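Descriptive analysis of the structure
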Amino acid sequence: MNIQKNDKQNATITGIFFILAAISSIIGLKLYDPILAETDFITSARQHHHAIVWGAINELILCITATGTGLMMYPYLKKYNESLGLGYLSFRMLEVVFIMMGIVAVLAVLSISQHYANHAIDKPTATALGLAFIEFHDWTFMLGPNFMLAINTFIYSYVFFQTRLVPKKLAILGLTSACLIMLAAMLEMFHIIEQISTLGVILAIPIAFYEMSLAVYLIRKGFQIEENK
């Protein structure tokens, strides 16, 4: 009985981590707008210093919660397939590493804008350096929250499909959404579509819906351990 209670608690924590990860990622990206969405980002970054720092803090929360989902789900995935469990955790951690690299890139642009404001660097040079770090951030976004996310989502959804830890239809949604976000990543890497585009958003919606659906299910029902005995 205590084991079942622990399983339900673990599932609830996992679901909460998924929700917090989604919220913090959206807030963080929006707060980066003075750098990522403005033409004169060198001036805009300095003027919105606190917003950008809060954006970075939200992305750090994202890193913590993403790590949390990895650590919470790993024992359940490992129970059914140790290699897949370790594979999932590894690719989840790689996703987090790329997110953290993106945080550093954005904060570097903020520092460059401050150096420009202090007349330590001229605007053309500051703009050139800033653009390089923005491009660096864009690549980390493609490789982390898109490419690595697709791989780790496919792995744990496959285990869910095989073990019925969650309903089969939910697992199928996970497998499908993982393939779609991988497609988005590949199209963006080859510059067939823009990173922020209508098609890119359409391809990303299923995985966002899946993670929220999974979070709600885990909070309400927990992992279906009994069905796997």
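Position numbers for residues count from 1 along each chain, tracking the sequence in the order it is written. Given that the model is predicted, a residue must reach a pLDDT of at least 70 before its local features are reported, and side-chain atom pairs must reach 80 or more before they are shown or counted; all residues, however, enter totals for whole chains, interfaces and linings. Here the side-chain values reflect all heavy atoms present in the structure, with hydrogen atoms and water set aside.

**Remarks on the nonpolar core**
Quick note on the threshold: By nonpolar core we mean a set of buried residues, namely Ala, Val, Leu, Ile, Met, Phe, Trp, Tyr and Cys, connected to one another through side-chain atoms within 4.5 Å. Whether a residue is buried, partly exposed or exposed follows from its accessible area with a 1.4 Å probe, protein chains only, as a fraction of its type maximum: under 20%, in between, or over 50%, in that order.
Ranked by size, the top nonpolar core spans 22 residues in total, and within it Met73, Tyr156, Phe160, Val166, Leu214, Leu218 and Phe223 carry the most contacts. Membership of the second largest hydrophobic core comes to 20 residues, among which are Phe41, Ile42, Ile112 and Ile134.

**Let's talk about the environment of Ala178**
This is how the line gets drawn: Helix and strand definitions here come from DSSP, where helices need a minimum of 4 consecutive H or I residues and strands a minimum of 2 consecutive E residues; each element is numbered from the N-terminal end. Note on contacts: a residue pair qualifies if any of its non-hydrogen atoms lie within 4.5 Å across the two residues.
Looking at the element boundaries, Ala178 is found in helix α7 (residues 168-189). Judged by relative accessible area, which is 2%, Ala178 ranks as buried. Considering only alpha carbons, one finds Ala178 and Tyr217, 39 residues apart in sequence, at a separation of 18 Å. Once residues lying within four places of it in the same chain are set aside, the contact partners of Ala178 are Ala150, Thr153 and Phe154.

**Observations regarding the pattern of salt bridges**
Rule in force here: Salt bridge criterion: a side-chain nitrogen from Lys or Arg within 4 Å of a carboxyl oxygen from Asp or Glu.
Following the criterion strictly, the structure yields three salt bridges and no others. Here Asp33 makes a salt bridge to Lys30, at a shortest N to O gap of 3.0 Å. Using a relative accessible area of 24% as the deciding quantity, one classes Asp33 as partly exposed. Residue classification places Lys30 among the exposed residues on the basis of a relative accessible area of 58%. The partner of Arg92 in a salt bridge is Glu95, and the shortest N-O contact between them spans 2.8 Å. With Arg92 and Glu95 both in helix α5 (residues 82-117), this residue pair falls three residues apart, about one helical turn. In this structure, Arg92 and Glu95 share a single accessibility class: buried.

**Quick word on the environment of Val96**
Its place among the elements puts Val96 in helix α5. Between the alpha carbons of Val96 and Thr65 there is a distance of 9.6 Å; along the sequence they are 31 residues apart. Excluding anything up to four places from it in sequence, Val96 contacts Cys63, Ala66 and Thr67.

**A word on unusual backbone geometry**
The backbone of His119 sits at a positive phi, close to 65°, despite the residue not being glycine. Among the structural elements, His119 can be located in the loop between α5 and α6 (123-163). Even without being a glycine, Arg164 presents a positive backbone phi close to 65°. Looking at the secondary structure, you find Arg164 in the loop between α6 and α7. Classification of Arg164 as partly exposed rests on a relative accessible area of 38%.

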